[in-house]
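Observations on chain architecture
The primary structure of each chain is shown beneath.
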Amino acid sequence: MDVVEFRLESEELGAGPATVVNLYVNGVRLQDLVRRVEQPYADADGEPSLAGEYAGLATGPQLPAEHYLGEPVETWFDDGDTVLLGCVCGSPGCWPLTAHVTVTEDIVTWRDFRNGHRDWDLGSVGPFTFDRRAYEKALRRAYR
């Protein structure tokens, strides 16, 4: 099983500093995991800085913990996807990274990662499979 962390961290977004939820899988920031896969595509597009250029989602009442439990508040493709990371400007819809979040009795899975504005093949990102009890415990720590 993979291990997830939901870390509340301060990031400089377009409107100034904000507290965001950054996602870590097996101790590595999700942005860094995705950057490795996106880099060849961004390089080929002549925009190497775009690879992994995401920010965590801003916390607050607009982003409840249930967003990460298969009840997304922010989507992009409207096909059951969940925006996991947004743009460094602070808008989740400006440069979204999405995945399908599937929740069963014992397991939470993130799969089918996509970028909202580029047709890059992110098939080698994930899938990530988490023990549901450990996942919910990690969420509770972040959402105290």
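You'll find the structure just up there.
Structure report, in brief. (Residues numbered from 1 in each chain as written. Predicted model: local features only at pLDDT ≥ 70, side-chain atom pairs only at ≥ 80, totals over all residues. Heavy atoms only, no water.)

Regarding the pattern of salt bridges
Stated precisely, the cut-off is as follows: Here, a salt bridge means any side-chain nitrogen of Lys or Arg that lies within 4 Å of a carboxyl oxygen of Asp or Glu. Secondary structure elements are defined from DSSP: runs of H or I of at least 4 residues count as helices, runs of E of at least 2 residues count as strands, and each element is numbered from the N terminus. Burial classes: relative accessible area under 20% of the type maximum marks a residue as buried, over 50% as exposed, and values in between as partly exposed (1.4 Å probe, protein chains only).
Summed over all chains, the structure comprises 9 salt bridges. A salt bridge links D45 to R118, with the shortest nitrogen-to-oxygen separation between them at 3.4 Å. In this pair, D45 sits in the loop between α1 (30–44) and β4 (57–58) while R118 sits in the loop between β7 (107–115) and β8 (128–131), placing the two residues 73 residues apart along the sequence. Residue D45 is classed as partly exposed on the basis of its relative accessible area of 40%. Linking E47 and R118 is a salt bridge whose minimum nitrogen-to-oxygen distance equals 2.9 Å. Of this pair, E47 sits in the loop between α1 and β4 while R118 sits in the loop between β7 and β8; the two residues are 71 residues apart in sequence, bridging distant segments of the chain. Overall, the relative accessible area of 24% leaves R118 in the partly exposed class. One network of salt bridges, with partners in common, ties together E11, R29, D32 and R35.

What to know about the side chain of H100
Inclusion rule: Here a polar contact is taken to be a pair of N or O atoms separated by no more than 3.5 Å, where protein atoms must pair a possible hydrogen donor with a possible acceptor and residues adjacent in sequence count only if both atoms sit in side chains. The contact definition used throughout considers only heavy atoms, calling two residues in contact when any of these lie within 4.5 Å.
Inspection of the secondary structure puts H100 in strand β6 (residues 97–103). A polar contact is formed between the side chain of H100 and the backbone oxygen of D79, at a distance of 3.2 Å. When sequence neighbours within four positions are dropped, the list of residues in contact with H100 reads D79, G80, D81, T109, W110, R111, D112 and R114.

A closer look at the environment of L97
By the element assignment, L97 lies in strand β6. Distance in space between the C-alpha atoms of L97 and V83 is 5.7 Å, their sequence separation being 14 residues. Here L97 is in contact with L30, V34, Y54, T82, V83, L84, L85, F113, R114 and L122, once residues within four sequence places are set aside.

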